[in-house]
Amino acid sequence: MKYNRHLIAVLICLLSVNSPNAQSTSNKSTLAVLDFEGRGINSLEAATLTDRFTSEIGKTESMVLVDRTMVEEILKEQGFQQSGCTTDECAVEVGAMLGVQFMISGAIGKLGDTFTIDAKMVSVESGASVETRNVTYIGKVDGLVTEIELLAWDIMNLEPPEALKEKKRLGAQAFLAAQAKQKTRTGALLRSMAVPGFGQYYAGKKLMAAGYLVSELAVLGLYASANSAYTTATDDFNNYQNLYNTEKDPVMIADYRSKVNSSHDDIQSNKDLMNQMATAAIGIWAINAVHAFLIKPDNVTASKESPIKLAYDPKTLSPQLRFSIALD
Amino acid sequence: MHWIRRPLILSLILFIGCNQGEVPTKFLDNPLDTEAASEKGINTPALVFFPDSASTTIGSTVSMEVYALGVEKLGMAYIKINYDDSRLSLNTINPGEFLKSNNNLFLYDNSVAGVIDIYTSFLSTDSVEVSGTGNMAYLVFQAKTPGVSKVTYSTDSEFADSDDNPIQIRGFGEGVIDAQ
């Protein structure tokens, strides 16, 4: 519940007949990542950042990523430590042994509080640099993780996810704190079940929240009014019924008979009203709960972009019409 | 999220516990109600008991009143009442107020087991006839054995006006005494 879950993401290519965007895994290019060289940071930090970079590359799903253990095995066979393979020639050589089409290598440097990240994607076939990216970052080292995640999307020429952009905007700590307080549909549902409108309020739909609460209270108020009238009519009925049963005066008997009938009718009509109000109250309550579940809570990290977006994919050189439905 | 359990449970209890109300059954069967009597097939003028049912215990007494219902110009009456003398015994009998005056006649005979004969009429000139519904006599029975027994009017009973013209009795109620 604490994490966003994008369950459905549908990409539809338009305006391009030969868009390979929906290519199968077998048609994807293959890629391996070498450990980034650490300059001013220790090799452990460099390896950790490379891990995060590799993991983010995997998330892009644009290429088939070769497992790093395989890379390490090849390097070991060739007598390299990963950090020892820093040149393009070495990367191409290792890439050829791995049988991949592209290799990514890079370096992370530190000068004072300034960090630099240089990353390069090399074509194993041609030995040429396909993509080169440089990032300069000033700040705490934990912010570097976000930068390297963004770099992974950037080097693949892909738009990073909104959550990642939000993470950069808020800072890692604030982002994680916001994620911990992530609003969920279930949270909205439970709140609305407890108090009508509370789920909508929680989801940021304050006007709807007020509407549900006022409607429920109005119906419950009418129910309470009918219940009060019902109780009064029942008391009257019992009283007149007793008087009727024991009365000997024919005139009074006729009077009590009339009152018994009248109070009985009042009981019936108020009971009907109570039933209607109870049904309405339960109906509003149920609709409110379902509605609270269906509406999307306003999360800090939730995507604010339109669900339909026209984008250009530089890799396929074709425009795309992108639909996305977030079910978090 | 644990905090939400309590209000959630309270809301559910509120909905489940909502008083949907019941409509009580009305019993409009007062034996002195001419409308109720008519619904039971007892047309006026009639002889009925009030109350028409009573419960008692063995050895205890139970009161029943003899009523003329919806009668016009009643001057005299002969009322014959039958009861189960194996279960009930007549304890006391007293004149009612309907034909009561400064000088009225009220006689009864209980010499035959299970039968009460009542003769009552005006004798004075201050009142000669009465109309409507009124008490003719008070009966007090004592329960002898357990069980339900009926107290009924004989169709030999008669109403008459002050000139001794008969008034047709069109309905006869009955009383039920349940002795435990």
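Residues numbered from 1 in each chain as written. Chains lettered and ligands numbered in written order. Predicted model: local features only at pLDDT ≥ 70, side-chain atom pairs only at ≥ 80, totals over all residues. Heavy atoms only, no water.

Chemist: In this structure, what is going on with the overall build of chain A? I would like to understand it.
Modeler: When helices and strands are counted, chain A shows ten helices and nine strands. With 328 residues in all, chain A has 41% of them scored as buried. When the accessible surface of chain A is summed, it comes to about 17,200 Å², and 58% of that surface belongs to carbon and sulfur atoms. (Helix = DSSP H or I, 4+ residues; strand = E, 2+ residues; numbered from the N terminus. Buried < 20%, exposed > 50% of the residue type's maximum accessible area, 1.4 Å probe, protein only. Areas by Shrake-Rupley, 256 points an atom, 1.4 Å probe, with all protein chains shown as cover.)

Chemist: Whenever I open this one, the pairing of strand 5 (residues 102-111) of chain A confuses me. Can you help?
Modeler: One face of the sheet, then the other: side chains in a regular strand alternate in exactly this way. Residues and elements named next belong to chain A. In terms of burial, strand 5 is a largely internal element, eight of the ten residues being buried. Two elements, strand 2 (residues 29-33) and strand 5, share three bridges in a ladder whose sense is parallel. Paired with alanine 32 across the bridge in strand 5 is methionine 103. Here three bridges tie strand 3 (residues 37-39) to strand 5, and the two strands are oriented parallel to one another. Paired with arginine 39 across the two strands is glycine 109, which belongs to strand 5. Note that strand 5 and strand 6 (residues 114-123) share ten bridges and pair antiparallel. (Pairing = 2+ DSSP bridges.)

Chemist: I tried to follow the interface of chain B and chain A on my own but got confused; where do I start?
Modeler: Think of interface size as the accessible area that goes away when the parts come together; that is how it is often given. Each partner contributes residues to the interface: chain B has 30 residues there, and chain A has 34 residues. Carbon and sulfur atoms make up 63% of the area that chain B and chain A hide from each other, which totals about 2,800 Å². The interface formed by chain B and chain A includes four salt bridges. Between glutamate 35 of chain B and arginine 257 of chain A there is a salt bridge, with its nearest N and O atoms 3.2 Å apart. Linking chain B with chain A are 13 residue pairs in polar contact (both at pLDDT 80 or more). Broken down by secondary-structure element, the contributors of at least two residues to the side of chain B that touches chain A are helix 1 (5-16), helix 2 (34-39) and strand 3 (61-74) of chain B. (Contact = heavy atoms within 4.5 Å. Buried area = accessible area lost by both parts, 1.4 Å probe. Salt bridge = Lys/Arg side-chain N within 4 Å of Asp/Glu carboxyl O. Polar contact = N/O pair within 3.5 Å; in protein donor to acceptor, adjacent residues only side chain to side chain.)

Chemist: Help me out: how do you make sense of the environment of glycine 132 of chain B in this one?
Modeler: Residue and element names in this part refer to chain B. Along the polypeptide, glycine 132 turns up in strand 8 (residues 130-143). Judged by its relative accessible area of 24%, glycine 132 falls in the partly exposed class. Residues glycine 132 and lysine 73, 59 residues apart in the sequence, show an inter-C-alpha distance of 8.4 Å. Discounting residues that sit within four places of it in the chain, glycine 132 has contacts with Ala68, Leu69, Gly70, Val71 and Phe98.

Chemist: Please clarify how the pattern of salt bridges should be interpreted in this entry.
Modeler: Opposite charge on two side chains permits pairing when their charged atoms draw close. Scanning the entire structure with this criterion turns up 17 salt bridges over all chains. A single network of salt bridges, built from pairs that share partners, joins Arg257 of chain A together with Asp33, Glu35 and Glu39 of chain B.

Chemist: Sorry, what's going on with the packing of aromatic side chains here?
Modeler: Each pair of aromatic rings is reported with the distance of its centres and the angle of its planes. Residues and elements named next belong to chain B. As enumerated under the stated definition, the model contains seven aromatic pairs over all chains in all. Between the aromatic rings of phenylalanine 49 and tyrosine 153, the centroid separation amounts to 4.2 Å while the plane-to-plane angle is 10°, which identifies the pairing as stacked. One end of the pair, phenylalanine 49, is in strand 1 (residues 46-50); the other, tyrosine 153, is in strand 9 (residues 147-153), and 104 residues separate them in sequence. With respect to burial, phenylalanine 49 and tyrosine 153 carry one shared label: buried. (Phe/Tyr/Trp six-rings, centres within 6.5 Å; stacked < 30°, edge-to-face > 60°.)

Chemist: I keep staring at the side chain of threonine 50 of chain A and nothing clicks. Help me out?
Modeler: Residues and elements named next belong to chain A. Structurally, the position occupied by threonine 50 is in helix 1 (residues 43-60). Within the local environment of threonine 50, its side chain forms a polar contact with the backbone nitrogen of phenylalanine 36, the two atoms lying 3.0 Å apart. With residues up to four places along the chain from it excluded, the contact list for threonine 50 reads Val33, Leu34, Asp35, Phe36 and Arg68.

Chemist: So what exactly am I meant to see when it comes to the pairing of strand 3 of chain B here?
Modeler: Residue and element names in this part refer to chain B. Bridge count for strand 1 against strand 3 is five bridges, and the pairing is antiparallel. When the sheet's bridge partners are listed, phenylalanine 50 is paired in strand 3 with glutamate 65. In this sheet, strand 8 lies alongside strand 3 in antiparallel orientation, the contact comprising ten bridges. Across the sheet, the residue bridging to glutamate 65 is tyrosine 138, located in strand 8.

Chemist: Honestly, the sheet that holds strand 3 of chain B in this entry has me stumped. Any pointers?
Modeler: Strands pair in a sheet through their backbones, by hydrogen bonds, and they do so in one of two ways: parallel or antiparallel. Residue and element names in this part refer to chain B. Strand order in the open sheet formed by five strands is 5-8-3-1-12, with mixed pairing between adjacent strands. This sheet does not close on itself; its edge strands, each paired only once, are strand 5 (88-95) and strand 12 (171-172). Pairing of strand 5 with strand 8 involves seven bridges; the strand directions are antiparallel. Following the sheet pairing, proline 95 is matched in strand 8 by alanine 137.

Chemist: Help me understand a nonpolar patch on the surface in this model?
Modeler: Residues Val195, Leu213 and Leu217 of chain A make up a contiguous nonpolar surface patch of about 230 Å² in total accessible area. Tracing the backbone through its elements, the reader meets leucine 217 of chain A in helix 9 (residues 206-246). (Patch = residues over 30% accessible without salt bridge, like charges linked within 9 Å, V, L, I, M, F, W, Y side chains within 5 Å.)

Chemist: Quick question: what am I supposed to make of the packing of helix 7 (residues 185-194) of chain A against helix 10 (residues 250-294) of chain A here?
Modeler: When two helices pack together, you describe them by how their axes are tilted relative to each other and by the distance separating the axes. Residue and element names in this part refer to chain A. The geometry of helix 7 relative to helix 10 is characterised by a closest axis approach of 7 Å and an angle of 165° between their N-to-C directions. In this view, helix 7 runs roughly antiparallel relative to helix 10, as classed from their interaxial angle. In this structure, the crossing between helix 7 and helix 10 has a hand that is right-handed. Together, Arg185, Thr186, Ala188, Leu189, Ser192 and Met193 of helix 7 and Trp285, Asn288, Ala289, Ala292, Phe293 and Leu294 of helix 10 make up the contact between the two elements. Broken down by class, the residue content of the contact of helix 7 with helix 10 amounts to eight nonpolar, three polar and one charged. (Axes fitted to C-alpha atoms, helices over the stretch in contact; angles between N-to-C directions. Parallel < 35°, antiparallel > 145°, perpendicular 65-115°, else oblique. Left-handed = near helix turned anticlockwise from the far one by under 90°. Nonpolar A, V, L, I, M, F, W, Y, C, P; charged D, E, K, R; others polar.)

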